[in-house]
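Report on the structure
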Amino acid sequence: MRTTIAFALAALVLALPMARADQLIYLTEPAGEKLFDEADEKSPYFKLATYLETEQILTFCGPATIAAVLNSLEIKRPSPPRLYPWGLFTQDLVFTPENQKIKSYAMVEEDGLVLELFS
């Protein structure tokens, strides 16, 4: 179930830039608050929202989403030197030798990352 939620959230976040600005409903607006209040499943939002952050490079919406989803799961997190002793997946740490065979850091920096690469 967590995997399904993670992929659904990742797909949602990755799809947002394609929406037109005049069609967006913000959570901070009355219409957004109403939609959220009427939602059947809210608890995963709070766990994920805690870890959402702006991408460190404009094309890093995919790695930022992956890091947020990984941090929201109850799994062991790495301890990057700049954050020691706290454990946290960062946008840089989502790049492993295995997934760089699919698309390298440099390629993601240049072109971004789309969910279709992992389906």
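Up top you'll find the structure we're talking about.
Quick notes on the rules
Residue indices follow the written sequence of each chain, beginning from 1 at its first position. Two thresholds apply to this predicted model, a pLDDT of at least 70 for residue-level local features and 80 or more for giving and counting side-chain atom pairs, whereas whole-chain, interface and lining totals are computed over all residues. Heavy atoms throughout the structure, all of them, feed into the side-chain values; hydrogens and water do not. Only buried residues count toward a nonpolar core. Its members are Ala, Val, Leu, Ile, Met, Phe, Trp, Tyr and Cys residues joined through side-chain atoms within 4.5 Å. Exposure classes here rest on a 1.4 Å probe applied to the protein chains alone. A residue is buried below 20% of its type maximum, exposed above 50%, and partly exposed in between. Should any heavy atoms of two residues lie within 4.5 Å, those residues are considered in contact. Put simply, DSSP H or I for four residues or longer makes a helix, DSSP E for two residues or longer makes a strand, and each gets a number counted from the N terminus. Helices are assigned an expected span. That span is 1.5 Å times one less than the residue count. The rule is short: rings of Phe, Tyr and Trp, with Trp giving its six-membered ring, pair when the centres are within 6.5 Å, and they are stacked under 30 degrees, edge-to-face over 60, tilted in between. Remark: a charge is flagged as sitting over a ring if the NZ atom of Lys or the CZ atom of Arg is within 6 Å of the ring centre and within 35 degrees of the ring normal. Nonpolar side chains (Val, Leu, Ile, Met, Phe, Trp, Tyr) are joined into patches within 5 Å and like charges within 9 Å, using only residues with over 30% relative accessible area and no salt bridge. We get accessible surface area from the Shrake-Rupley algorithm with a probe of 1.4 Å; when it comes to residues, only the shown protein chains can shield them. Take a side-chain nitrogen of Lys or Arg and a carboxyl oxygen of Asp or Glu: if they are within 4 Å of each other, that pair is a salt bridge.

Soluble globular proteins tend to pack their nonpolar side chains together in the buried interior. Counting seven residues, the largest nonpolar core is built from Phe-60, Ala-67, Phe-89, Val-94, Phe-95, Val-108 and Leu-113. When sequence neighbours within four positions are dropped, the list of residues in contact with Ala-67 reads Phe-89, Thr-90, Gln-91 and Val-94.

In this section: helix H4 (residues 61-72). Here H4 is twelve residues long and its end C-alpha atoms lie 16 Å apart, about the 16 Å a rise of 1.5 Å per residue gives. Among all positions in H4, only Gly-62, Pro-63, Ala-64, Thr-65, Ala-67, Ala-68, Val-69, Asn-71 and Ser-72 are buried.

Turning our attention to the packing of aromatic side chains. Evaluated as defined, the whole model comprises six aromatic pairs. Seen from their ring centres, Phe-36 and Phe-46 are 5.6 Å apart, and the 85° between their planes marks the pair as edge-to-face. With Phe-36 in helix H2 (residues 30-38) and Phe-46 in helix H3 (residues 43-49), this residue pair connects regions lying ten residues apart in the sequence. Relative to Phe-46, the ring of Tyr-45 lies with its centre 5.3 Å away and its plane at 75°, an arrangement referred to as edge-to-face. Accessibility expressed as a relative area gives 48% for Phe-46, which makes it partly exposed. Here the aromatic residues Phe-36, Tyr-45 and Phe-46 are joined through ring pairs into a cluster of three or more. Here the basic side chain of Lys-42 rests over the ring of Phe-36, its NZ or CZ set 6.0 Å away from the ring centre.

Among the surface-exposed residues, Leu-27, Tyr-45 and Phe-46 lie close enough to one another that they form a single nonpolar patch of about 280 Å² accessible area. Inspection of the secondary structure assignment puts Leu-27 in the loop between helix H1 (2-15) and H2.

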